[in-house]
Amino acid sequence: MAGAHGLEQAVITSAAIAPAPIKAEVTGLAVRLEREPLSVALDEFAVELAHPTGDLVVAALTLASQGAVGDLAELLGTLAESAREEAGMRLRVEAARARLRTAVRVIAAGTASAAAGLIPPNPRSLHA
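Residues numbered from 1 in each chain as written. Predicted model: local features only at pLDDT ≥ 70, side-chain atom pairs only at ≥ 80, totals over all residues. Heavy atoms only, no water.

Asker: Explain the layout of surface pockets here, please?
Answerer: Summary: where empty space remains is shown by rolling a probe the size of a single water molecule over the atoms. Within this model, the largest pocket holds a volume of roughly 840 Å³. Contributing to the lining of the largest pocket are 25 residues, with Pro19, Ile22, Leu49, Thr53 and Val57 lying nearest its centre. When residues of the lining of the largest pocket are traced back to their parent elements, those giving at least two are helix 1 (2-14), helix 2 (23-33), helix 3 (38-49), helix 4 (52-65) and helix 5 (72-118). When residues in the lining of the largest pocket are grouped by element, the largest group, 8 residues, is from helix 5. (1 Å grid on protein atoms, 1.4 Å probe; cavity = no way out; pocket = protein on both sides within 12 Å on 5 of 7 lines; lining within 4 Å. Points joined across faces, edges and corners; volume = space filled by probe spheres on them. Helix = DSSP H or I, 4+ residues; strand = E, 2+ residues; numbered from the N terminus.)

As C-alpha cells, this is what we get:
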C-alpha cells in the first residue's frame, strides 16, 4: 500500500511537468487520484489517452502499485525509449508521405500544363 501511495504522489507531482500533448490527461489523472483508487484512475487515464503506449504505461503502473514490478524506473525507461523510437518512425513516415504528395502534385501540374499546351489557341484554325 505504501508503494501505491508513493506512486500516486509521483503521478500528482508529474502533472505539473507533463508534456503538452498529454498534459490534460495527466492533470485529469492527478485530479481523479484525489477521489478514486489508483487502479480506477489509471483505467480511465488509459481510455482518455487511447494509445497503445499509454496502455503499456498504465499496465506498468498498475503492476507496480500491486508490487509486481521489481524496477519500475527501468521499465518506464524502456517504455520511454520505445515511445521515442515510435515517434521517430512516425515522423519519418510522415516526411516520406509529404515527399510523395509533393511529387504527385508536381507530376499532376506538369501533365495538366502539357495537356493545356496541346490545345490550340484558336480551334477554328484546325478546320481548313
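Asker: Looking at this structure, how should I read the pattern of salt bridges?
Answerer: For side chains bearing opposite charge, pairing can occur when the charged atoms are close. The tally for this structure, following the rule as stated, stands at 4 salt bridges. Ionic pairing is found between Arg97 and Glu94, a salt bridge with its closest N-O pair at 3.1 Å. Of this pair, Arg97 and Glu94 both sit in helix 5, 3 residues apart, which is roughly one turn of the helix. Looking at Glu94, the relative accessible area reads 40%, which means it is partly exposed. Three or more residues are tied together by salt bridges with common partners; here these are Arg32, Glu44 and Glu48. (Salt bridge = Lys/Arg side-chain N within 4 Å of Asp/Glu carboxyl O. Buried < 20%, exposed > 50% of the residue type's maximum accessible area, 1.4 Å probe, protein only.)

Asker: Sorry, what's going on with unusual backbone geometry here?
Answerer: Phi is mostly negative for residues that are not glycine, and the peptide bonds are mostly trans. For Ala50, which is not glycine, the phi dihedral falls at a positive 50°. Looking at Ala50, the relative accessible area reads 63%, which means it is exposed.

Asker: Can you help me understand the nonpolar core in this one?
Answerer: Note on soluble globular proteins: their nonpolar side chains tend to be buried together. In this structure, Leu29, Leu33, Leu42 and Phe45 are the most contacted members of the largest nonpolar core, which totals 17 residues. Those elements that place two or more of their residues in this core are helix 1, helix 2, helix 3 and helix 4. Among the elements that take part in this core, helix 3 stands out by supplying 6 residues, more than any other. (Core = buried A, V, L, I, M, F, W, Y, C linked by side-chain atoms within 4.5 Å.)

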